[in-house]
Amino acid sequence: MSRLPVMSSKRVLPSSSSSSGGSENGQDYAPAQKKIRKDPEPGKAFAAATVIGSRRPPAAVTRAPISKPVRGVGAATVATGPSRDKSKISKHKFFHYIPLSAGGTGANKRKAWDLKGKVSDMEVKMRDYQTKVKSVNKENEVLRGTMVQSQTRVAEIEKELERQRGQIRTYEEELQVLSGVRDELETVSSEKMTLQKELSNLEGKYKVMETLRDSQETELQTLKIKLSVQESTLARLQSTLREMEEEVCSLKETVTQQKDELHAGEMERRRLHNTIQELKGNIRVFCRVRPVVDGGVSKHIQLPASDTKMITLAKTEESHTGKTTDTQKNYNFSFDRVFGPAASQQEIFEEISLLVQSALDGYNVCCFAYGQTGSGKTYTMEGDEFTETRGVIPRAVQQVFKAAEKLAAQGWEFNFTASFVEIYNESLRDLLYTGKASKRPEHEIRKSVTNEVTITNLTYEKVVNEDQVLGLIALANQNRSTAQTAQNDRSSRSHSVFQLDIEGVNGGRDIKCKSTLCLVDLAGSERMLKSQSQGERFKEMTAINGSLSNLGIVISALANKENYIPYRNSKLTYLLQGCLGGNSKTLMFVNIAPEPDSFGETLNSLRFASKVNDCVIGTASANRK
């Protein structure tokens, strides 16, 4: 009897997408068709042998039956054992061939020559197997539906799937050498039982998944309720937001309106402020009496308690004949404000702070201190390092920068340029010069077409805050010319002029303004006999007195409203011509010493201040575009 040819069979693996549900035993496989080849010896047929391994496949392993179209010759079915490594197959597996009769087993055994009958019987068996395979496939479809619920075990199933794929490859190799239909049927039955067990397991898992799904649905309902509450809250917040946006728009309109009103109020304030300053006089004179060094009281200077604008100098004169008693002669003077020895630096600055404010409003402002050496001019203008004793210059700078910061909220932007020049022996010196003394440039006063006075080769520093200006003032004090005289151990031998140029722009309202704040500390004024100056000091005193005399001449010419004003007679009057006779507001401090031996110098200073106080230069106007 000849052997039946061994069929080669392969299983078709489903795509990964069909196994997304996953199961404990891996993916289901569709049945594959078997091919039948003819035996080279017709008339002889052998049944396929069953491979008996060392172990039976585990119950959890499942495989779909295999069915393929049958050829017109006899065929055999291959049953396989569990998947093993190729190296283990050769050691533990044995192959047995079981002969089959032409008509199959049983009473109706066909003749050996009835090959067609044998093929017909085999086809009947194959159809039975295919029917069973379809049934198993339907069960697999049911299992595939239940496996969708087992997503949580994808990782384990994929691992099991790889193991089963290895087994399937082993099965496919074994199917090429096996031809036992009965054993194949037993294998299919065993696999069916395994699948039934797996189905039972999956049904249990499905119930667990249903329970989990119910809990998740409950949680989902809770989340939906929370979402509904959140949506309601969101709608309420959106409504509130819309109301707030409307309120913000309304507030913006109010702010715009208030800015316009604030600007109008600021312009009105400037107008009224400068009207007040004009009513007080464009050239104002303040008198300040220095305290006595030893703390005593000066008897020849009288300050009425009820009048802050009067000062009286009293002098006792002896009788020329000797027959009459001594007589007392009084010299009365009236100024815009008289400060006694007890007046503080803050009190003095408060009186001129409104004048400093005019500089930011576009008006040129000039403040200068006049008096004999040792009367307190430098202390009034510069003061000490401490906050309480700071003078007019540092306080004015502080006020300018603070006011500029407040005006920035109204759209103003300011640029500041500082310079410090000294007039020494009728020559100009740059007090901010930091180069070599031998290379100092020469300076000349120039007047532009717009009547602006400038100095050639002078250092102009851009400044942005108060500290920068104070640093420049300290540098200027180090460079200023001083010397010892009979009146003062460290007397200023020159006139110092500090200028702060201010340029303001309000882009939103297309307004520009330009002004100059000029603060001057004049040199000491005293007679040559009083100062006992000799040599170089005598030359300095001559230049100082000459410039101060020319200042008096210019002021007298202005007071008399003469056609020609001799500004060019001295560098001091030429430099200050914009402050004295131009478009500016001017303040003069006359400082007097309280000592009795300074009576003559004090009287001269007060007389000079009275001339200035009587000077009228016209109404100042703002440099605004």
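Keep in mind that what you see is a predicted model, and the values were worked out from it rather than measured. (Residues numbered from 1 in each chain as written. Predicted model: local features only at pLDDT ≥ 70, side-chain atom pairs only at ≥ 80, totals over all residues. Heavy atoms only, no water.)

**So, the UniProt feature "binding site: ATP" (unreviewed entry) in the protein**
Within this numbering scheme, the UniProt entry marks G371, Q372, T373, G374, S375, G376, K377 and T378 as carrying the feature "binding site: ATP" (unreviewed entry). Tracing the chain through its elements places T373 in the loop between β6 (364–371) and α6 (377–381). Among the residues examined, T373 registers a relative accessible area of 4% and is labelled buried. Tracing the sequence through the fold places G374 in the loop between β6 and α6. Under the relative-accessibility criterion, G374 is labelled partly exposed at 28%. (UniProt positions renumbered as here; feature names shortened; annotations may be inferred. Helix = DSSP H or I, 4+ residues; strand = E, 2+ residues; numbered from the N terminus. Buried < 20%, exposed > 50% of the residue type's maximum accessible area, 1.4 Å probe, protein only.)

**Some thoughts on the pattern of salt bridges**
Taken as a whole and assessed by the stated rule, the structure comprises 13 salt bridges. Measuring nitrogen to oxygen at the nearest pair gives 2.4 Å for the salt bridge that ties E141 to R144. In this pair, E141 and R144 are both assigned in helix α2 (residues 115–147), 3 residues apart and thus about one turn of the helix distant. A salt bridge links R429 to E422, with the nearest nitrogen and oxygen atoms 3.5 Å apart. Residue R429 is classed as partly exposed on the basis of its relative accessible area of 24%. Of the residues examined, E422 reaches a relative accessible area of 0% and is grouped as buried. One continuous salt-bridge network, built from bridges that share partners, spans R213, D214 and E217. (Salt bridge = Lys/Arg side-chain N within 4 Å of Asp/Glu carboxyl O.)

**Remarks on the packing of helix α7 (residues 392–408) against helix α8 (residues 466–479)**
The contact between α7 and α8 brings their axes to 9 Å, and the two run at 160 degrees. Considered as vectors, α7 and α8 are oriented roughly antiparallel to each other. Considering how the two elements wind past one another, α7 and α8 form a crossing that is right-handed. For the pair α7 and α8, contact is made by I393, P394, V397, Q398 and F401 and by E466, V469, L470 and I473, respectively. Its residues assigned to classes, the contact of α7 with α8 shows 7 nonpolar, 1 polar and 1 charged. (Axes fitted to C-alpha atoms, helices over the stretch in contact; angles between N-to-C directions. Parallel < 35°, antiparallel > 145°, perpendicular 65-115°, else oblique. Left-handed = near helix turned anticlockwise from the far one by under 90°. Contact = heavy atoms within 4.5 Å. Nonpolar A, V, L, I, M, F, W, Y, C, P; charged D, E, K, R; others polar.)

**Here we look at the packing of helix α5 (residues 345–360) against α7**
Between α5 and α7, the least distance of the axes is 9 Å, while the angle of their chain directions is 45 degrees. Considering the angle they form, α5 stands oblique to α7. The chirality of how α5 crosses α7 is right-handed. Mapping the contact onto sequence places Q345, Q346, F349, I352, S353, V356, Q357 and L360 in α5 and V392, R395, A396, Q399, V400, A403, A404 and L407 in α7. Residues of the contact of α5 with α7, tallied by class, amount to 10 nonpolar, 5 polar and 1 charged.

**Here we look at the environment of A403**
Assignment of secondary structure puts A403 in helix α7. Look at A403 and you get buried, because its relative accessible area is 12%. Among residues more than four places away in sequence, those in contact with A403 are Q357 and L360.

**Some words on the packing of aromatic side chains**
Taken as a whole, this structure holds 9 aromatic pairs when the rule is applied. Taking the centre distance of 6.4 Å and the plane angle of 10 degrees together, the rings of F333 and F335 count as stacked. Ring centres of F414 and F416 lie 6.1 Å apart, and the angle between their planes is 20 degrees; on these two criteria the pair is classed as stacked. For the pair formed by F414 and F416, the shared burial category is buried. By way of ring pairs, the aromatic residues F401, W412, F414 and F416 are connected into one cluster. (Phe/Tyr/Trp six-rings, centres within 6.5 Å; stacked < 30°, edge-to-face > 60°.)

**Regarding the pairing of strand β16 (residues 584–592)**
Counting buried residues along β16, 9 of its 9 residues qualify, which places the element largely inside the surrounding structure. Here β16 shows no split at all, with S584, T586, M588, V590 and I592 on one side and K585, L587, F589 and N591 on the other all buried. Examined bridge by bridge, strand β1 (residues 283–289) and β16 share 7 bridges and lie parallel to one another. Considered in β16, the bridge of C287 is made with V590. Where β6 and β16 come together, 8 bridges link them in parallel fashion. Looking across to β16, one finds that G371 is bridged to N591. (Pairing = 2+ DSSP bridges.)

**Description of the pairing of strand β14 (residues 495–506)**
Most of β14 sits out of view: 9 of its 12 residues are buried. Relative to β14, strand β7 (residues 412–424) runs antiparallel, the two being bridged by 12 bridges. Residue pairing in the sheet places N415 in a bridge with E503 of β14. In the sheet, β14 pairs with strand β15 (residues 511–521) via 11 bridges, with the strands oriented antiparallel. Pairing of V505 across the sheet is with K512, part of β15.

**What about the nonpolar core?**
Membership of the largest hydrophobic core comes to 50 residues, with the highest contact counts inside it found for I311, F335, L551 and M588. Sorting elements by how many residues they give to this core places helix α10 (residues 536–559) first, with 7 residues. What M588 contacts, discounting residues up to four positions off in sequence, is R284, V285, F286, F368, Y370, F608, A609 and V612. Among the nonpolar cores identified, the runner-up in size contains 44 residues, and A359, V397, A403 and V463 belong to it. (Core = buried A, V, L, I, M, F, W, Y, C linked by side-chain atoms within 4.5 Å.)

**Quick notes on unusual backbone geometry**
Although it is not a glycine, N425 adopts a positive phi angle of roughly 55 degrees. Positionally, N425 belongs in the loop between β7 and β8 (427–430). Positioned with a positive phi, E426 is a non-glycine residue whose angle comes to about 60 degrees. Inspection of the secondary structure assignment puts E426 in the loop between β7 and β8.

**Points about helix α13 (residues 599–613)**
Taking 1.5 Å of rise per residue, the 15 residues of α13 would be expected to cover 21 Å, and the 21 Å separating its terminal C-alpha atoms lies within 8% of that figure. Among all positions in α13, only F599, E601, T602, L603, S605, L606, F608, A609, S610 and V612 are buried. (Expected span 1.5 Å × (residues − 1).)

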